[in-house]
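Examining the three-dimensional arrangement
Now for the letters of each chain:
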Amino acid sequence: MSTTEKTYKVPTMADMAASGEEPEILFWVGCAGSFDDRYKRVTIAFVRILNHVGIKFAVLGPEEACTGDPARRAGNEFLFQMQAMSNIQVLNGYNVKKIVTACPHCFNTLKNEYPELGGNYEVIHHSQFLQGLINEGRVKVKDGQPFKGRRITFHDSCYLGRANKVYEAPRDVLAALDADLVEMKRVRANGLCCGAGGGQYFKEPEPGKKDVNVERVEEALSTGADTIAVACPFCMTMMSDGVKNKNREDSVRVFDISELIAQGQGL
Amino acid sequence: MEIIQQILFVVALGATGWYIAKRVRLIAQAIKLGRPENRYDHPDERLKTMLLVAFGQKKMFTNLLVGIMHFVIYAGFLIVNLEVLEIILDGILGTHRLFAPYITPIYPILIDVFELLAVGVLTVCVIFLCRRFIAKVPRFQQERHREMTRWPRTDAAIILTAEILLMIAFLTWNASDSVLRDRGVGHYAELKGIVPDFLISQFLKPLFSGFSDTGLIVYERTAWWLHILGILSFAIYVTYSKHLHIALGFPNVYFSDLQPKGEMQNMPEITKEVQLALGLPVTTEADGSQANDNGDQPPAEIGRFGAKDVQDLKWINLMNAYSCTECGRCTSACPANITGKKLSPRKIMMDTRDRLEEIQDGWKTNGFDYKDDKSLLNDYITAEELNACTTCQACVNACPININPLDIILQLRRYRVMEESDAPASWNAMFSNIENNMAPWKFSPSDRFNWADQVND
Ligand code: SF4
Ligand code: SF4
């Protein structure tokens with residue numbers, strides 16, 4: 001890294017508190033965003049955008065813990081509430097008001113399920129956040145970018161779409177890329193799951209004719225798109241695996257919407 | 001002769017009323033087996049949902065053509081009830097077209113509308129039969145869906161055929177009645193000049209031109225009786241059939257979930273335990289009420305964690321089961337089912353109702369404290385089905401009457417995991433990772449922030 005290049009910073013809540021500051025937003029990274037090698041790149045892309053637009057943000061860093069979503073949906077309510085209440089203690093301790101996250105599962109849990117346990121925050125998914133930046137003109141994709149004329153299809157995440165009715169934000173973000181957005185047969189409220197939710201990601205699927213992600217990728221490929229855009233870490237893995245299963249990894253790529261925006265901005 | 005008909009009619013009507021009341025009580029009793037849950041909040045929003053989804057049939061119109069066809073049957077059903085009112089009064093009072101002289105100008109218009117609807121219903125029922133049994137719409141076929149066994153398919157065929165017969169009886173009854181009036185036979189003559197020919201049945205009159213007067217009267221009476229007895233038997237039959245949705249669909253939608261689809265219901269009884277474990281002040285009692293420190297109340301009894309049988313589910317889950325139309329829209333949207341897994345949300349609902357009916361049968365022979373050693377979990381719904389659910393809510397979204405099959409699946413999962421410790425091994429590994437590493441994977445929590453080292457690469 002040369003010194004003339006911009007350096008990106010990732011302040012933690014602890015740092016902020018130590019210097020008596022409060023960030024505008026807390027970026028909730030999530031387990032996949034912290035540990036999954038592929039999804040770490042999404043986290044980084046989003047952090048670069050946050051730096052680029054000069055928003056005062058912070059992360060919890062080592063103080064963050066799993067929201068408990070997979071445990072709850074698999075049936076382990078004890079474990080979920082243990083996680084939730086410890087997280088709420090940390091968040092309330094820092095007086096957090098506004099949270100942005102790239103993971104629809106964290107988004108849903110923080111937004112809909114934490115309030116009953118004493119955690120009340122304004123929770124925004126990164127697609128909504130990016131949509132806001134684009135609408136305000138704070139993020140502009142440069143003209144003549146590689147996206148022009150490229151076919152992109154968007155895979156709705158169940159926990160963003162059906163669960164919380166966020167359908168347009170990610171599409172608006174993609175529209176800013178000036179690409180050729182093509183829709184699959186089952187979209188929005190009728191979107192087909194990637195197959196990972198409800199704890200499925202953490203075990204082998206039950207026997208059947210095929211895996212859910214393969215079915216979904218077949219549908220995505222039939223649109224003729226060369227890019228499958230996702231807005232969820234689990235969809236990311238499931239779609240990528242499906243593309244590999246179809247031996248199309250050379251011609252078709254899976255990206256998170258924030259990666260596409262970061263690319264479009266040359267970040 | 002007249003009076004005998006009236007007596008027979010009153011007896012038939014009374015018997016039907018008595019039997020239906022008995023059925024309703026039994027079904028209500030079964031729904032009350034479920035755990036209490038307050039679904040009386042936000043009446044405005046609930047009413048609005050009911051008007052849109054139940055009265056307005058909003059979700060049926062996702063497929064426009066099917067939506068329109070279903071709407072014809074639905075409107076026909078609602079409006080023909082007006083005609084049934086007259087028929088019932090005629091039956092009791094021994095009158096003939098009681099309303100006609102009083103509402104002379106609009107009477108024929110009303111009957112014309114009924115006749116039009118009757119033709120509509122007839123046509124749609126024929127199309128629906130063809131869809132099921134000739135065009136073989138996949139979601140109704142047993143080869144694709146093991147819950148579509150003989151009975152559900154027969155049930156559908158019986159109802160559609162019955163509706164067709166009822167409509168034919170209604171139309172030919174009007175036709176034979178008109179011919180009798182034209183000929184000025186007996187009391188039929190009284191309506192001359194008051195009641196004209198009707199929109200559709202006028203074309204059926206030639207069918208009866210060869211009948212003698214007596215033959216006509218016999219036909220007219222038979223059609224009238226067939227029509228009304230058909231309706232009464234139908235009303236009884238409905239309480240045993242998937243067609244209970246024509247009544248329960250409305251309350252079922254009124255009481256449906258209002259929270260976001262992705263929100264899983266909290267378990268307050270666990271909140272208390274966790275607060276104690278974490279050394280936090282206890283804010284909730286097991287029943288969800290605010291904790292009081294007076295200590296003068298005994299702690300609420302904690303039942304099972306999660307659901308093993310219908311008694312552990314909420315009453316709304318049980319009402320859902322009785323309301324389910326077995327249309328399979330949930331199952332056709334289910335990713336697990338689409339890719340050949342055993343899970344079918346329709347089957348979850350049908351199993352729940354079957355289990356309730358099994359208990360009902362037990363009540364009949366052994367009284368209301370009847371118990372058996374079966375349960376919804378395992379005897380009806382297997383772990384394999386439960387484990388296949390991705391909690392994607394496609395089923396919840398697809399259901400035209402806002403049934404939530406996912407809610408039942410999740411409660412059964414809770415029982416398996418928390419009471420039976422019977423989760424798949426890899427889920428247990430995920431649980432212990434979360435417990436020990438604060439993430440579902442086996443990474444050290446201290447490495448959680450390592451990604452930040454790469455932001456400037
Ligand atoms: S929530 Fe479960 S049962 Fe319902 S459609 Fe999704 S996978 Fe199927
Ligand atoms: S649950 Fe709803 S969608 Fe599924 S079969 Fe029953 S009525 Fe149809």
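Residues numbered from 1 in each chain as written. Chains lettered and ligands numbered in written order. Predicted model: local features only at pLDDT ≥ 70, side-chain atom pairs only at ≥ 80, totals over all residues. Heavy atoms only, no water.

What about the overall build of chain B?
- Scanning chain B from N- to C-terminus turns up 17 helices and zero strands.
- In terms of overall size, chain B is more extended than a compact globule, its C-alpha atoms giving a radius of gyration of 28 Å where 457 residues would be expected to give roughly 23 Å.
- With the principal axes as the frame, chain B shows a C-alpha extent of 95 × 60 × 40 Å.
- Burial analysis of chain B (457 residues in total) assigns 51% to the buried set.
- Considering only residue pairs separated by 6 or more positions, chain B has 74% of its internal contacts joining residues 24 or more positions apart.
- Surface summary for chain B: the accessible area is close to 21100 Å², and the carbon and sulfur share equals 63%.
- Positive and negative side-chain charges of chain B, numbering 45 and 51 respectively, have mean locations separated by a distance of 6 Å. (Helix = DSSP H or I, 4+ residues; strand = E, 2+ residues; numbered from the N terminus. Rg over C-alpha atoms; globule rule 2.2 N^0.38 Å. Buried < 20%, exposed > 50% of the residue type's maximum accessible area, 1.4 Å probe, protein only. Contact = heavy atoms within 4.5 Å. Areas by Shrake-Rupley, 256 points an atom, 1.4 Å probe, with all protein chains shown as cover. Lys, Arg positive; Asp, Glu negative; His and termini not counted. Charge placed at Lys NZ, Arg CZ, Asp CG, Glu CD.)

Things to note about the site of ligand 1
- Taken together, 13 residues lie around ligand 1, and Cys334(B), Cys389(B), Cys392(B), Gln393(B) and Cys395(B) are the ones closest in.
- Of all the secondary structure elements, the ones that give two or more residues to the shell around ligand 1 are α15 (394–398) and α16 (405–419) of chain B. (Near = heavy atom within 4 Å.)

Considerations on the packing of aromatic side chains
- Evaluated as defined, the whole model comprises 26 aromatic pairs over all chains.
- Relative to Trp225(B), the ring of Phe9(B) has its centre 6.0 Å away and its plane inclined at 65 degrees; by these criteria the two rings are edge-to-face. Here Phe9(B), found in helix α1 (residues 2–31), pairs with Trp225(B), found in helix α6 (residues 213–238); they are 216 residues apart in sequence, far enough to count as distant. Here Phe9(B) and Trp225(B) have matching classes, each one buried.
- Ring centres of Trp363(B) and Phe368(B) lie 4.8 Å apart, and the angle between their planes is 75 degrees; this geometry places the pair in the edge-to-face category.
- Taking relative accessible area as the criterion, Trp363(B) reaches 7% and is therefore assigned buried.
- On the accessibility criterion, Phe368(B) (51% relative accessible area) is exposed.
- Ring-pair connections join several aromatic residues into one group, and the members of that group are Tyr201(A), Phe202(A), Phe234(A) and Trp441(B).
- The lysine or arginine in question, Arg23(B), covers the ring of Tyr240(B), its NZ or CZ lying 3.7 Å from the ring centre.
- Its end group placed over the ring of Trp224(B), Arg221(B) keeps NZ or CZ at 4.8 Å from the ring centre. (Phe/Tyr/Trp six-rings, centres within 6.5 Å; stacked < 30°, edge-to-face > 60°. Lys NZ or Arg CZ within 6 Å of the ring centre and 35° of its normal.)

Some remarks on the state of the cysteines
- If you walk through the whole model with that rule in mind, you get zero disulfides over all chains.
- There is no disulfide at Cys235(A), and the cysteine sulfur nearest it, in Cys232(A), is 3.8 Å away. (Disulfide = S-S within 2.5 Å.)

Structural notes on the site of ligand 2
Residues and elements named next belong to chain B.
- Close to ligand 2 lie Cys324, Thr325, Glu326, Cys327, Gly328, Arg329, Cys330, Arg346, Met349, Cys399, Pro400 and Ile403, which account for all nearby residues.
- Among the elements of the structure, α10 (329–333) and α12 (345–366) are those that each provide at least two residues to the shell around ligand 2.
- Considered class by class, the residues forming the shell around ligand 2 number seven nonpolar, two polar and three charged. (Nonpolar A, V, L, I, M, F, W, Y, C, P; charged D, E, K, R; others polar.)

A short note on the confidence of the model for chain B
- Predicted confidence across chain B gives a mean pLDDT of 93, with 96% of residues reaching 70 or more.
- We note a pTM of 0.94 for the whole complex and an ipTM of 0.96 for its interfaces. (pLDDT = per-residue confidence, 0-100.)

A short note on empty space enclosed by the protein
All names here are of chain A.
- All told, the structure shown has nine cavities of 30 Å³ or more when counted by the stated rule.
- For the largest cavity, the calculated volume is near 130 Å³.
- Taken together, 17 residues make up the lining of the largest cavity; nearest its centre are Cys31, Ala32, Cys103, Cys106 and Phe234.
- Of all the secondary-structure elements, those providing two or more residues to the lining of the largest cavity are α2 (30–35), α4 (69–74), α6 (104–113) and α10 (233–245).
- Top contributing element to the lining of the largest cavity by residue count: α2, with four residues.
- In the lining of the largest cavity, the residues fall into twelve nonpolar, four polar and one charged. (1 Å grid on protein atoms, 1.4 Å probe; cavity = no way out; pocket = protein on both sides within 12 Å on 5 of 7 lines; lining within 4 Å. Points joined across faces, edges and corners; volume = space filled by probe spheres on them.)

A few points about the packing of helix α7 (residues 245–254) of chain B against helix α9 (residues 315–323) of chain B
Residue and element names in this part refer to chain B.
- Taken N-terminus to C-terminus, the directions of α7 and α9 make an angle of 150 degrees; their axes are 9 Å apart at the nearest point. By the criterion of interaxial angle, the relationship of α7 to α9 is roughly antiparallel. In the crossing of α7 with α9, the sense of the turn from one axis to the other is left-handed. Counted together, His245, Leu248, Pro251 and Asn252 of α7 and Met319, Asn320, Tyr322 and Ser323 of α9 form the full contact between these two elements. (Axes fitted to C-alpha atoms, helices over the stretch in contact; angles between N-to-C directions. Parallel < 35°, antiparallel > 145°, perpendicular 65-115°, else oblique. Left-handed = near helix turned anticlockwise from the far one by under 90°.)

Focus on α9(B)
- Counting buried positions over the nine residues of α9(B) gives nine, a clear majority of the element.
- As for α9(B), its buried residues are in contact with α1, α7, α12 and α16 of chain B.

A look at the sheet that holds strand β1 (residues 25–28) of chain A
Residues and elements named next belong to chain A.
- Overall, parallel pairing links the four strands, which are arranged β2-β1-β3-β4 in an open sheet. Either end of the sheet is taken by a strand with one partner, and the two such strands are β2 (57–58) and β4 (122–125).
- Relative to β2, β1 runs parallel, the two sharing two bridges. Of the residues in β2, the one forming a bridge with Leu26 is Ala58.
- Against the sheet, helix α7 (residues 126–135) contacts β1, β3 (98–101) and β4, and its axis sits at roughly 80 degrees relative to β4. (Pairing = 2+ DSSP bridges.)

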